[in-house]
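# Understanding the architecture of this molecule
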Amino acid sequence: MCQLQLFQRGCRMQRRQLLLLTFFAAVLVIARAASFCDLPEWDIATYSLIADELVHGRGLYTDIWDMKPPAIFYTYAVLQTAFAASPLSVYLLSVLTAVATLAAVWLVARRSSLTAAGWAGAVFVAICFEPFSAASMPNTEAFINLFLTLAWAMLLRAGGGQRGWMLVLLAGACASWASMYKHVAIAPAVLLALAHAVVPPTAIARRTAVAHALAFVAMIAAGWLLLFGWFAVTGRAQIFIQTVFVYPRYYAGGMINNLLASFTPAAWQRAPMVVIWPMLLLCLLGWVARLMQRRPDNMIAAQSPRFMVLLIAMLAGAHVAVALPGQFAAHYYQLWYPALAIACGCASSSLINSLPRRQWIGHLAAALTVAAIVAPQWPWYQLPGEEWSRKRYGKLFMDARADMLAIQSTLQPHDDIYIWADEPWLYRVAGKRARYAGVWKMHCLDGPMAQRLTDTTLIQLQQNPPKLFVFWSDPAPISHPIVAWALEHYDPLPGTPTYPMRFYARRSPATQPVSN
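The structure displayed is predicted, hence computed values, not measured ones.

### Notes on the nonpolar core
One finds Tyr61, Trp152, Phe216, Met279, Ile342, Met404 and Phe469 to be the most contacted residues of the largest nonpolar core, which totals 159 residues. The residues touching Ile342, leaving out its near neighbours within four places in the chain, are Val105, Val108, Ala109, Ala120, Trp152, Phe307 and Leu311.

If you want it as structure tokens, here you go:
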């Protein structure tokens, strides 16, 4: 009879968990719909444009180029194969990734307690569509968060025997795939493996845990070796090395200096910190509550050394991953969110357990944290769809969008355009493919890939001249081969805006310069 009651109670708890997770997922689906009509963000537009070219059979890095590792482009390509390059495919990627990451966050926090899982889920839902770091968009950070959190959940469950090894290898595969979105994912992954070795599960010996950690890291290395092998077999080994290893070193600069800069006040005053500070405060309260807890027999699993060391490893790894690129762009801060959400769930559970007769205080602290996260976001969700873009990007970009839409109506479906700017989203507004390697102007001007990109793009332009050549502001620099070629073969299009964009139409064959 007692066993039956326990079974029935367990079933009721599982149903409540499923209902709560379903509610959180529904909130994500509805909340992210608010950004459906938003202008395509720079990175998102780049991923979508390059993925579209991959779907059309073109070669990554050789025919179309960006500085990111390949995982993000192929992820977009999978969705765009079914739903084309459209706002719907971006929205689906956003929602599917967020819901899957929510489930992974829940799996990790559930190892602490149901209370921790519930509040971790609530905090994650509140944080993962905030507009300050563009958290509602499927950027590389969103996918890194998903696969690293899955790896974390698997390592937490990796015990002895064959099942433990299987979980470790799967976790390593997840970490390897996460690093193929951005190299910075290797930092939290390695720290996670180190934490697993330092504080092994109780069911296995330290020697086995060290072997687990080495196998985990070996899976990351094996993934990269396989990736390099594929590019080498397809004749792209050199450009793969230049893109994935040489260019990031140029982009990031001195990584030690970047890490040091992450401890300066400027790094802690970025826009996303407005929603991060409340989470840090709740974590501090939970830590104080743990120190004040006088009854070790009631200490929750979240306070076990292993769980806490893995949590600290992920928080430290997220900090390193945010700092390494050196730019401190707002969307980098998303890498904190899963670990911070789980830390908040555990802190809430600590507060509740440390005050058995006043548990409402712990729940209130967690609820106030969620409210503090939502409050600065709330004005955004009262705006109509297009007003999101105006608030995020400003009037200049909305004017550029209007000008591009006006020009689009004069183009035929088969007409190509080339945009000499760092505004890839304009291709999406115009409904055109990016058929030329140099999607970003700055990549053709500076850096280790500038000469190769310029040469490739110029050949493509000569072989397939676009009907329209678009400059952002004045044509510059005049001495650049692509600009010089455009001014030789294109004239300003009469009756079109001259700011912020200038539109140039291809000359008729009779007026084209005669090549020697």
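Now that the structure has been shown, we can carry on.
### Quick notes on the packing of helix 8 (residues 186-198) against helix 9 (residues 206-233)
Axis angle and axis distance: for two packed helices, these are the angle between their axes and the distance between the axes, and together they describe the pair. Between helix 8 and helix 9, whose axes approach to 7 Å, the crossing angle comes to 160°. Between helix 8 and helix 9, the interaxial angle falls into the category roughly antiparallel. As helix 8 packs across helix 9, the resulting crossing turns out to be right-handed. Residue-level inspection shows Ile186, Ala189, Ala193, His196, Ala197 and Val198 of helix 8 in contact with helix 9, the latter providing Arg206, Ala209, Val210, His212, Ala213, Phe216, Val217, Ile220 and Trp224.

### Considerations on helix 5 (residues 114-127)
For helix 5, with 14 residues, the first-to-last C-alpha span of 20 Å sits near the 20 Å given by 1.5 Å per residue. Taking burial as the measure, the 14 residues of helix 5 include twelve buried ones, the bulk of the element. When helix 5 is considered as a whole, its buried residues turn out to be Ala116, Ala117, Gly118, Trp119, Ala120, Gly121, Ala122, Val123, Phe124, Val125, Ala126 and Ile127.

### A word on unusual backbone geometry
The phi angle of most residues is negative, glycine excepted, and most peptide bonds adopt the trans form. Note that the residue after Ala476, namely Pro477, is joined by a cis bond; omega there is -10°. Inspection of the secondary structure puts Pro477 in the loop between strand 2 (468-472) and helix 21 (481-489). Of note in the backbone geometry, Tyr61 takes a positive phi value of approximately 80° without being a glycine. Its location among the elements puts Tyr61 in the loop between helix 2 (42-55) and helix 3 (71-83). Tyr61 gets classed as buried once you look at its relative accessible area, which sits at 1%.

### So, the sheet that holds strand 2
Backbone hydrogen bonds are what pair the strands of a sheet, in a parallel or an antiparallel way. Spatially, 1-2-4-3 is the arrangement adopted by the four strands of the open sheet, whose pairing is mixed. Of all the strands in the sheet, the pair left with one neighbour each is strand 1 (417-420) and strand 3 (490-492). The mean angle between the axes of side-by-side strands here comes to 30°, regardless of whether they run parallel or antiparallel. Strands in contact with helix 17 (residues 395-408) are strand 1, strand 2 and strand 4 (501-506); relative to strand 4, the strand with the most contacts, it is inclined by about 20°.

### Digging into the environment of Pro248
Mapping Pro248 onto the fold places it in helix 10 (residues 237-252). Separated by 65 residues in the primary sequence, Pro248 and His183 have C-alpha atoms spaced 8.9 Å apart.

### Here we look at the side chain of Thr496
Considering the arrangement of structural elements, one finds Thr496 in the loop between strand 3 and strand 4. Separated by 2.6 Å, the side chain of Thr496 and the backbone oxygen of Leu493 make a polar contact. Excluding residues that lie within four positions of it along the chain, Thr496 makes contacts with Ile407 and Phe503.

### Here's the deal with the packing of helix 13 (residues 305-323) against helix 14 (residues 337-354)
Between helix 13 and helix 14, whose axes approach to 9 Å, the crossing angle comes to 145°. Every pair of crossing elements has a handedness; the one defined by helix 13 and helix 14 is left-handed. Facing Phe307, Leu311, Met314 and Leu315 of helix 13, the residues of helix 14 in contact are Ala339, Leu340, Ile342, Ala343 and Cys346. Among the residues forming the contact of helix 13 with helix 14, the class breakdown is nine nonpolar, no polar and no charged.

### A closer look at the pattern of salt bridges
Within the structure shown, the criterion is met by nine salt bridges. For the salt bridge of Arg58 with Glu53, the shortest nitrogen-to-oxygen distance reads 3.0 Å. Where Lys182 meets Glu141, a salt bridge forms, and the shortest distance between an N and an O atom there is 2.6 Å. Of the two residues, Lys182 is situated in the loop between helix 7 (161-179) and helix 8 and Glu141 in helix 6 (residues 140-156); the sequence distance between them amounts to 41 residues. Pair check on accessibility: Lys182 and Glu141 agree, each one buried. A cluster of three or more residues bridged by salt bridges with shared partners is formed by Glu53, Arg58 and Arg433.

### Some remarks on the pairing of strand 1
Burial along strand 1 is two-sided: the residues Ile417 and Ile419 and Tyr418 and Trp420 are all buried. With four bridges connecting them, strand 1 and strand 2 associate as parallel partners. What sits directly across from Tyr418, in strand 2, is Phe469.

### Regarding empty space enclosed by the protein
Within the structure shown, the criterion is met by three cavities of 30 Å³ or more. As a volume, the largest cavity reaches approximately 120 Å³. Contributing to the lining of the largest cavity are 13 residues, with Arg32, Phe124, Cys128, Ala142 and Asn145 lying nearest its centre. Counting residues per element, the ones that place at least two in the lining of the largest cavity are helix 4 (87-110) and helix 6. In terms of residue class, the lining of the largest cavity is built from seven nonpolar, five polar and one charged. Together, Ile144, Asn145, Leu148, Thr149, Ala185, Pro188, Met314, Ala318, Ala321, Leu335, Pro338 and Ala339 line the second largest cavity. The biggest single contributor to the lining of the second largest cavity is helix 6, with four residues. Within the lining of the second largest cavity, the residues separate by chemical class into ten nonpolar, two polar and no charged.

Calculation rules
- Residues numbered from 1 in each chain as written.
- Predicted model: local features only at pLDDT ≥ 70, side-chain atom pairs only at ≥ 80, totals over all residues.
- Heavy atoms only, no water.
- Core = buried A, V, L, I, M, F, W, Y, C linked by side-chain atoms within 4.5 Å.
- Buried < 20%, exposed > 50% of the residue type's maximum accessible area, 1.4 Å probe, protein only.
- Contact = heavy atoms within 4.5 Å.
- Axes fitted to C-alpha atoms, helices over the stretch in contact; angles between N-to-C directions.
- Helix = DSSP H or I, 4+ residues; strand = E, 2+ residues; numbered from the N terminus.
- Parallel < 35°, antiparallel > 145°, perpendicular 65-115°, else oblique.
- Left-handed = near helix turned anticlockwise from the far one by under 90°.
- Expected span 1.5 Å × (residues − 1).
- Pairing = 2+ DSSP bridges.
- Polar contact = N/O pair within 3.5 Å; in protein donor to acceptor, adjacent residues only side chain to side chain.
- Nonpolar A, V, L, I, M, F, W, Y, C, P; charged D, E, K, R; others polar.
- Salt bridge = Lys/Arg side-chain N within 4 Å of Asp/Glu carboxyl O.
- 1 Å grid on protein atoms, 1.4 Å probe; cavity = no way out; pocket = protein on both sides within 12 Å on 5 of 7 lines; lining within 4 Å.
- Points joined across faces, edges and corners; volume = space filled by probe spheres on them.

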